[in-house]
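Structure assessment
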Amino acid sequence: DTEVTQTPKHLVMGMTNKKSLKCEQHMGHRAMYWYKQKAKKPPELMFVYSYEKLSINESVPSRFSPECPNSSLLNLHLHALQPEDSALYLCASSQTAGSYNEQFFGPGTRLTVL
Amino acid sequence: QKEVEQNSGPLSVPEGAIASLNCTYSDRGSQSFFWYRQYSGKSPELIMFIYSNGDKEDGRFTAQLNKASQYVSLLIRDSQPSDSATYLCAVIYLGSSNTGKLIFGQGTTLQVKP
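Here we summarise the structure given alongside this text. (Residues numbered from 1 in each chain as written. Chains lettered and ligands numbered in written order. Predicted model: local features only at pLDDT ≥ 70, side-chain atom pairs only at ≥ 80, totals over all residues. Heavy atoms only, no water.)

Notes on the pattern of salt bridges
Side chains carrying opposite charge are able to pair once their charged atoms draw close together. Following the criterion strictly, the structure yields seven salt bridges over all chains and no others. The salt bridge partner of A:Glu58 is B:Lys101, with a shortest N-O separation of 3.0 Å. In this pair, A:Glu58 sits in the loop between β6 (53-57) and β7 (64-70) while B:Lys101 sits in strand β10 (residues 100-104), so the two residues belong to two different chains. Between A:Asp85 and A:Arg63 there is a salt bridge whose closest N-O contact spans 2.7 Å. Of this pair, A:Asp85 sits in the loop between β8 (73-79) and β9 (87-94) while A:Arg63 sits in the loop between β6 and β7, and the two are 22 residues apart along the sequence. A relative accessible area of 2% places A:Asp85 in the buried class. We classify A:Arg63 as partly exposed; its relative accessible area is 23%. Among the charged side chains, a salt-bridge network with shared partners connects A:Lys36, A:Arg63 and A:Asp85. (Salt bridge = Lys/Arg side-chain N within 4 Å of Asp/Glu carboxyl O. Helix = DSSP H or I, 4+ residues; strand = E, 2+ residues; numbered from the N terminus. Buried < 20%, exposed > 50% of the residue type's maximum accessible area, 1.4 Å probe, protein only.)

What to know about the interface of chain B and chain A
On the side of chain A, 25 residues touch chain B, which itself brings 24 residues to the contact. Of the roughly 1,900 Å² buried between chain B and chain A, counting both surfaces, carbon and sulfur atoms make up 56%. When the buried surface of chain B facing chain A is broken down by residue, B:Thr99, B:Lys101 and B:Phe104 rank first, second and third, together holding 22% of it. For the pair chain B and chain A, the number of links is one salt bridge. In this structure, the connection of chain B to chain A is made through nine residue pairs in polar contact (both at pLDDT 80 or more). When contributions to the side of chain B that touches chain A are tallied by element, the ones reaching two or more residues are β4 (32-38), β5 (45-50), β9 (85-94) and β10 of chain B. Residues that form the side of chain B that touches chain A fall into these classes: 11 nonpolar, 11 polar and two charged. (Contact = heavy atoms within 4.5 Å. Buried area = accessible area lost by both parts, 1.4 Å probe. Polar contact = N/O pair within 3.5 Å; in protein donor to acceptor, adjacent residues only side chain to side chain. Nonpolar A, V, L, I, M, F, W, Y, C, P; charged D, E, K, R; others polar.)

Focus on the sheet that holds β7(A)
Adjacent strands of a sheet form backbone hydrogen bonds with each other and so pair up, either parallel or antiparallel. All names here are of chain A. The four strands are arranged β1-β3-β8-β7 in an open sheet whose pairing can be described as antiparallel. Both outer strands of the open sheet, β1 (4-7) and β7, are each paired with one neighbouring strand and no more. Strand-to-strand twist across the sheet, computed as the mean angle between neighbouring axes with direction ignored, equals 20°. Note that β1 and strand β3 (residues 18-25) share four bridges and pair antiparallel. The residue bridging threonine 7 from the neighbouring strand is lysine 22, located in β3. (Pairing = 2+ DSSP bridges. Axes fitted to C-alpha atoms, helices over the stretch in contact; angles between N-to-C directions.)

A word on the packing of aromatic side chains
Counted according to the given criterion, the structure contains 11 aromatic pairs over all chains. Ring centres of A:Tyr100 and B:Tyr51 lie 5.0 Å apart, and the angle between their planes is 70°; on these two criteria the pair is classed as edge-to-face. On the criterion of chain membership, the pair formed by A:Tyr100 in the loop between β9 and β10 (104-105) and B:Tyr51 in the loop between β5 and β6 (54-58) is interchain, its members lying in two chains. Judged by relative accessible area, A:Tyr100 falls into the partly exposed class, the value being 42%. (Phe/Tyr/Trp six-rings, centres within 6.5 Å; stacked < 30°, edge-to-face > 60°.)

Overview of the state of the cysteines
Scanning the model with the defined rule gives two disulfides over all chains in all. A sulfur-sulfur distance of 1.9 Å marks the disulfide that ties A:Cys23 to A:Cys91. Here A:Cys23 and A:Cys91 share a disulfide; its torsion about the S-S bond, -70°, makes the bridge left-handed. Placement of A:Cys23 in strand β3 and of A:Cys91 in strand β9 is noted, with a sequence separation of 68 residues between them. There is no split in this pair, since A:Cys23 and A:Cys91 are both buried. There is a disulfide in this structure between B:Cys23 and B:Cys89, and the S-S distance comes to 2.0 Å. Because the torsion about its S-S bond is -75°, the bridge between B:Cys23 and B:Cys89 counts as left-handed. Taken together, the positions of B:Cys23 in strand β3 (residues 19-25) and B:Cys89 in strand β9 put the pair 66 residues apart, joining distant regions of the chain. Considered together, B:Cys23 and B:Cys89 belong to a single accessibility category, that of buried residues. (Disulfide = S-S within 2.5 Å.)

Written as structure tokens, this is what we have:
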């Protein structure tokens, strides 16, 4: 089973709202990732968690706040977003965060910021 | 700056033909290479990974790696209209914390015409 699940599928929020994106995997993977993908562009890495600890933050604005409550769950808390933050947000996981690891993506959350 | 380069296409092939997708990467130390398929509006799906020089075959797909030339390719035999998608080449770069960062090329759009 190589399934990563994400909720919600779609999210529309105003610039003053606070919302959260959720990601879950039950493959026993110890690395989890958040990516952002704009239309007709490749995914861009935002955060990497390795063994529930934040390992990489790609200089993402503080209005995006990641959280890894346990090895199966990954959240992305959103606050005071801008319309340019509208995108497909993808979660992925892999066995570990090293070099020889295949990353499996969830279906994504399509976010629209009004 | 770590770079992964792909021709954006579109690459158009007739049904039943071989589609050849190419990718080059900038970091000679890279060790892990991936091909993802992404249908419009969907998330990336891992279809091949390759870690050693040479060819790796899986069904109708063959990945080829030449580390000396820093070149990765994907061949799709007996192309079907259902193969029409964007194909993303991705390379893992290890950061200072030994955490892998997956860097994507811009993607090649493949159109298979019946």
